[in-house]
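If you want the building blocks of each chain, they are given just below.
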Amino acid sequence: MLETLLQGMLLGGLYCLFALGQSLMFGVMRLTNTAQGDFIILGAFAAIAGMNALAALGWGHGSAPLMVMLALLPLAFGFGYALQRWVLNGTLGRDPLPSLVVTFGLSIVIQNLLLELFSADPRSIETGGLNTASVALPAGLAIGVLPLAIFALALLATGALQWLFNGTRLGRAFRAVSDDKEIAELMGLNSNTVYALATAIAFVLIALAGVLQGMRTTVSPADGPLLLLFAFEAVIIGGMGSFWGTLIGALLLGITQQIGFRIDPGWGIWVGHIVFLIVLVLRPQGLFPKTRG
Amino acid sequence: MTALLQASGLTAFYGDAQALFGIDFELNAGETVAIIGANGAGKSTFLKALTGLVRSRPDQIRFDGQAIGGLPPGEIVKRGIALVPEGRRLFASLSVEENLLMGAFAQRPGPWNLPRLFKLFPILEQKRALPGTSLSGGQQQMVAIGRALMSNPSVLLCDELSLGLAPIVIKEIYDALPTICAEGMSAVIVEQDVAMAQRMSRRIYCFQEGHVALQGASESLTREQISQAYFGV
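Residues numbered from 1 in each chain as written. Chains lettered and ligands numbered in written order. Predicted model: local features only at pLDDT ≥ 70, side-chain atom pairs only at ≥ 80, totals over all residues.

**Things to note about the overall build of chain B**
Right, on to step 1. Check the secondary structure of chain B and you find nine helices and ten strands.
Right, on to step 2. Against the globule reference of 17 Å for 233 residues, chain B gives a C-alpha radius of gyration of 17 Å, in line with a compact fold.
Right, on to step 3. Seen along its three principal axes, the alpha-carbon backbone of chain B occupies a region of about 50 × 35 × 35 Å.
Right, on to step 4. With 233 residues in all, chain B has 45% of them scored as buried.
Right, on to step 5. In chain B, the proportion of contacts linking residues at least 24 apart, taken out of those at least 6 apart, comes to 65%. (Helix = DSSP H or I, 4+ residues; strand = E, 2+ residues; numbered from the N terminus. Rg over C-alpha atoms; globule rule 2.2 N^0.38 Å. Buried ≥ 20, exposed ≤ 12 C-beta atoms within 10 Å, placed from the backbone. Contact = placed C-beta atoms within 7 Å.)

Here it is, written out as structure tokens:
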């Protein structure tokens with residue numbers, strides 16, 4: 001039982017990384033990115049392509065995944081900034097439909113692009129044995145080094161995002177624009193730039209999540225929608241607009257899935273959905289809602 | 001003498017509906033001017049046009065000798081016009097202090113900063129860490145005024161400071177205005193309370209259906225003139 005809980009928490013850490021970007025974008029500009037999962041997969045494949053390129057240059061040893069990840073994060077920042085500034089800002093407004101349609105379209109484009117470039121074969125990012133290494137705990141338990149690192153990164157990312165939001169000038173700008181865009185512009189903020197910065201940060205988290213997903217398991221071009229679903233469920237269970245809430249939601253989802261898998265290998269994801277539905281019925285605003293209006 | 005802020009033939013639209021039909025308006029340096037008029041006369045629209053929230057043509061608004069009509073709001077606040085919006089509109093997820101700091105985003109140099117504001121409205125210092133919208137109406141209005149002052153404007157626009165406040169609170173707020181303007185800041189106050197508007201200002205404009213129906217020195221206007229301009233009988 002203890003092991004199931006532990007594994008569930010570690011799985012939840014990964015889901016938290018899937019969901020943080022979604023939580024940030026929704027919190028700042030009420031934008032639901034339905035291509036979130038596909039961008040995560042795109043991040044994983046970008047890392048795979050980067051690894052292949054490094055290997056072709058004769059640099060295929062152990063530090064390659066780290067190098068690729070470090071190179072990918074600033075790229076993702078720039079990509080997110082440009083995407084928001086020149087594409088998604090044009091879809092924002094009172095009506096949520098345009099942004100849903102555009103991100104849904106992006107989702108289809110990304111899936112087919114990846115299928116065209118990489119075929120439908122599942123692939124993974126070569127980690128030089130990191131994905132099978134484990135540490136032994138008392139009572140005969142063992143947990144993987146990689147899942148533990150992912151969990152630590154999830155905690156770190158959640159804490160960093162919460163600090164950014166509550167303790168910095170940029171965070172103040174995020175909240176002000178989210179509260180009242182017109183008045184924020186009256187104060188001298190350019191909401192288009194603020195939105196672009198929010199998406200840029202969200203895409204760093206998306207790329208990080210993608211690389212880690214590719215290291216932990218395999219990825220294939222059609223995986224995105226399922227990851228989107230997990231991200232969604234974590235955000236909704238936790239409550240919109242609260243990053244710690246997103247973390248708790250992700251952990252809860254991970255643990256329930258793990259318990260489901262324990263009961264029957266076919267049940268994990270299904271049990272996760274059931275818990276999500278129960279939360280939605282009993283507490284539609286989520287466990288720790290922060291967003292108003 | 002040329003005016004500090006001048007509107008000439010200012011028109012404004014909400015979609016196809018025209019809200020302002022050629023407003024001529026002047027504000028001199030150091031002067032407090034009041035705008036009165038019935039609901040829907042275009043008072044708030046006029047202030048929104050001055051701050052860039054409603055579009056206008058460049059030469060319709062001149063500030064400090066430059067055409068500023070149609071500039072984005074952020075650019076106008078950097079040049080020195082700040083608005084205390086109708087209904088206060090504080091940022092709900094920001095604390096009192098953070099709301100005030102938002103006003104300083106334009107980073108204009110000048111006398112106003114947090115310590116000075118807390119001296120003007122001591123209650124805000126006690127409540128600095130609370131959410132802005134958890135305060136009483138009068139205290140929220142102080143935050144809204146403070147937020148505008150933090151941009152160190154040379155022109156302060158106040159849209160219905162008394163809206164929804166008790167008379168004693170209104171008096172307290174307006175008592176602070178002469179102090180605020182003591183260093184040469186100009187102010188435009190939009191006000192429903194005609195007596196208050198006359199007491200606080202040097203000159204008055206009365207708007208009616210998007211036109212200036214009456215203007216003159218505040219103490220020289222009679223009740224009859226004002227009610228005629230108000231209702232257009």
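**As for the overall build of chain A**
Right, on to step 1. Scanning chain A from N- to C-terminus turns up eleven helices and two strands.
Right, on to step 2. Order of helices (α) and strands (β) in chain A, N terminus to C terminus: α-α-α-α-β-β-α-α-α-α-α-α-α.
Right, on to step 3. The globule rule puts the C-alpha radius of gyration for 293 residues at 19 Å, and the 19 Å found for chain A is close to it.
Right, on to step 4. Taken over the C-alpha atoms alone, chain A extends approximately 60 × 50 × 35 Å along its principal axes.
Right, on to step 5. The long-range share in chain A, meaning contacts at least 24 apart out of those at least 6 apart in sequence, stands at 76%.

**Regarding the nonpolar core**
Right, on to step 1. Formed by 158 residues in total, the largest nonpolar core has its most connected members in A:Leu17 and B:Leu157.
Right, on to step 2. If one sorts the elements of this core by residue count, helix H8 (residues 191–216) of chain A sits on top with 17 residues.
Right, on to step 3. If we ignore the near neighbours within four places in the chain, the residues touching A:Leu17 are A:Leu153, A:Ala154, A:Ala157, A:Leu205, A:Leu208, A:Ala209 and A:Leu212. (Core = buried A, V, L, I, M, F, W, Y, C linked by C-beta atoms within 7 Å.)

**Let's talk about the sheet that holds strand E2 (residues 17–27) of chain B**
Residues and elements named next belong to chain B.
Right, on to step 1. One open sheet accounts for four strands, arranged E2-E1-E4-E5; its pairing is antiparallel. Each edge of the sheet is formed by a strand with only one pairing partner; in this case those strands are E2 and strand E5 (66–67).
Right, on to step 2. Strand direction decides the pairing type here: strand E1 (residues 5–14) and strand E4 (residues 61–63), joined by three bridges, are antiparallel. In the strand pairing of E4, Gln6 is matched with Arg62.
Right, on to step 3. Here helix H1 (residues 43–51) sits on the sheet and contacts E1, E2 and E4; the angle it forms with E2, its principal contact strand, is near 70°. (Pairing = 2+ DSSP bridges. Axes fitted to C-alpha atoms, helices over the stretch in contact; angles between N-to-C directions.)

**A few points about the interface of chain A and chain B**
Right, on to step 1. With 14 residues of chain A at the interface, the matching set in chain B holds 19 residues.
Right, on to step 2. Looking at the side of chain A that touches chain B, the elements with two or more residues in it are helix H6 (169–179) and helix H7 (181–186) of chain A.
Right, on to step 3. Residue classes in the side of chain A that touches chain B are distributed as five nonpolar, two polar and seven charged. (Nonpolar A, V, L, I, M, F, W, Y, C, P; charged D, E, K, R; others polar.)

**Some thoughts on the sheet that holds strand E6 (residues 81–84) of chain B**
Residue and element names in this part refer to chain B.
Right, on to step 1. Across the sheet, which stays open at both edges, the six strands sit in the order E6-E7-E8-E3-E9-E10 with mixed pairing between neighbours. The open sheet has two edge strands, E6 and strand E10 (211–217), and neither has a second partner. Pairs of neighbouring strands in the sheet enclose a mean axial angle of 15°, with direction left out of account.
Right, on to step 2. As judged from the four bridges shared by strand E3 (residues 32–37) and strand E8 (residues 186–190), these two strands associate in the parallel manner. Of the residues in E8, the one forming a bridge with Val33 is Val188.
Right, on to step 3. Lying on the sheet, helix H9 (residues 223–231) is in contact with E3, strand E9 (203–208) and E10; it crosses E9 at an angle near 30°.

**Digging into helix H1 (residues 2–29) of chain A**
All names here are of chain A.
Right, on to step 1. Between its first and last C-alpha atoms H1 spans 40 Å; for 28 residues at 1.5 Å apiece the expected length is 40 Å, and the two agree.
Right, on to step 2. The sharpest bend along H1 comes to roughly 35°, located at Ala19.
Right, on to step 3. Among the 28 residues in H1, 22 count as buried, and that is most of the element.
Right, on to step 4. Where H1 terminates, the next one or two residues include Arg30, which has phi positive at roughly 55°. (Expected span 1.5 Å × (residues − 1). Bend = angle between axes of the 7 residues up to and from the residue.)

**A few points about the pairing of E8(B)**
All names here are of chain B.
Right, on to step 1. In terms of residue burial, E8 counts as a mostly covered element, since five of its five residues are buried.
Right, on to step 2. Of the two faces of E8, the one carrying Ser186, Val188 and Val190 and the one carrying Ala187 and Ile189 are both buried.
Right, on to step 3. Two elements, strand E7 (residues 155–159) and E8, share five bridges in a ladder whose sense is parallel. The residue of E8 that forms the bridge with Leu157 is Val188.
Right, on to step 4. In this view, the connection linking E7 to its parallel neighbour E8 by way of helix H7 (residues 167–181) has right-handed handedness. (Right-handed = clockwise from strand over helix to strand, strands pointing away.)

**Side note on the confidence of the model for chain B**
Right, on to step 1. For chain B, per-residue confidence averages 92 on the pLDDT scale, and residues scoring 70 or more make up 99% of the total.
Right, on to step 2. In the predicted assembly, ipTM is 0.90 and pTM is 0.91. (pLDDT = per-residue confidence, 0-100.)

**A look at unusual backbone geometry**
Right, on to step 1. Even without glycine at this site, A:Ala139 takes up a positive phi of about 65°.
Right, on to step 2. Examined against the element boundaries, A:Ala139 turns out to sit in the loop between strand E1 (134–136) and strand E2 (142–144).
Right, on to step 3. The exposure class assigned to A:Ala139 is exposed, which follows from the 7 C-beta atoms found within 10 Å.
Right, on to step 4. The residue B:Glu209 is not glycine, and still its phi comes out positive at about 45°.
Right, on to step 5. Relative to the elements of secondary structure, B:Glu209 occurs in the loop between E9 and E10.
Right, on to step 6. The exposure class assigned to B:Glu209 is partly exposed, which follows from the 14 C-beta atoms found within 10 Å.

**A closer look at the environment of A:Ser124**
Residues and elements named next belong to chain A.
Right, on to step 1. Following the sequence through the fold, Ser124 ends up in the loop between helix H4 (97–118) and E1.
Right, on to step 2. It is 46 Å that separates the C-alpha atoms of Ser124 and Gly188, two residues lying 64 residues apart in sequence.
Right, on to step 3. Apart from the residues lying within four places of it in its own chain, the contact partners of Ser124 are Gly214, Thr217, Thr218 and Val219.

**A few points about the environment of A:Trp244**
Right, on to step 1. Position of A:Trp244 relative to the elements: it lies in helix H10 (residues 243–263).
Right, on to step 2. If sequence neighbours within four positions are ignored, A:Trp244 has contacts with A:Thr158, A:Gln162 and A:Phe288.

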